[in-house]
Amino acid sequence: MVTLKEKYANEISVTLKEKLGLKNTMEVPCIDKVVINMGIGNSVSKDEFRVLVSELAQLAGQAPKITLARQSISNFRLREGNQLGAKVTLRGNKMYEFLDRFIHCALPRIRDFRGIPRKGFDGRGNYNLGITDQIIFPELDPDAIKVTQGMDVAFVTTAKNDDEARTLLELVGLPFAEAK
């Protein structure tokens, strides 16, 4: 079976070079990294926090970094140093493995899925996507999940603008919703 990394190297980069009219192969945009961020906050207990972090590690394939509060805000009952969430930065083979599982296994499990929104681009060639539930990932046992938690997935590309990034992500296989 051809992996997504091999498919990018052999097919997608060649197609991108032709579509974008690039002369040098080093100019062809690629996905630099995928960042998965889970903002958990103070709403869960320490045990639930630990379980959510382990679920993030399970679906990403590597240990997440715990994010801490940088300053105290009394209105939010937040103190400096409190654990707020977890994030994972995927690069290389782990990134391509996650992308493959995300595109072919997780996204089709979303109820009434009609494609991911086109409005998640930031103007610099990066795409951000919010997921409301971690149950869509097949690595996690739905019966064992006690707390549902959303997450943000950021696709950081080397594209110069949103059009190049959209073309890259469409060729990789991300199913964008139809333009209205």
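Higher on the page you've got the structure.
Heads up: these notes are all about the structure in this document. (Residues numbered from 1 in each chain as written. Predicted model: local features only at pLDDT ≥ 70, side-chain atom pairs only at ≥ 80, totals over all residues. Heavy atoms only, no water.)

## Details of the pairing of strand β3 (residues 83-90)
Quick note on the threshold: For two strands to be treated as a pair, DSSP must find no fewer than two bridges joining them. Elements are defined by DSSP. Helices are runs of H or I of four residues or more, strands are runs of E of two residues or more, and each kind is numbered from the N terminus.
Of the pairings in the sheet, the one linking strand β1 (residues 31-39) to β3 comprises 6 bridges and is antiparallel in character. Of the residues in β3, the one forming a bridge with Val35 is Thr89. Across 4 bridges, strand β2 (residues 65-68) lies against β3 in antiparallel orientation. Bridge pairing in β3 places Thr67 opposite Gly85.

## A short note on helix α4 (residues 162-172)
Which entries qualify depends on this criterion: Burial here depends on accessible area, computed with a 1.4 Å probe over protein chains only, as a share of the maximum for the residue type. Under 20% is buried, over 50% is exposed, and the range in between is partly exposed. Any two residues having at least one pair of non-hydrogen atoms within 4.5 Å are treated as being in contact. Each polar contact in these results corresponds to two N or O atoms within 3.5 Å; when the atoms are within protein, one needs to be able to donate a hydrogen and the other to accept it, and residues that are neighboring in sequence are counted only if both atoms are side-chain atoms.
For α4, the buried fraction is high: 8 of the 11 residues fall into the buried class. Within α4, the full set of buried residues consists of Asp162, Glu164, Ala165, Arg166, Thr167, Leu168, Leu169 and Val172. Buried positions along α4 lie against α1 (4-20), β1, α3 (92-106), β4 (127-131) and β5 (151-157). The N-terminus of α4 is capped by Asn161, whose side-chain oxygen sits 3.3 Å from the backbone nitrogen of Asp163.

## Thoughts on the pattern of salt bridges
Rules: Salt bridges are defined as contacts in which a side-chain nitrogen from Lys or Arg sits within 4 Å of a carboxyl oxygen from Asp or Glu.
A full pass over the atoms with the stated rule returns 4 salt bridges. Linking Glu139 and Arg101 is a salt bridge whose minimum nitrogen-to-oxygen distance equals 2.3 Å. Residue Glu139 is located in the loop between β4 and β5, and its partner Arg101 is located in helix α3; the two are separated by 38 residues in the primary sequence. Residue Glu139 is classed as partly exposed on the basis of its relative accessible area, which comes to 22%.

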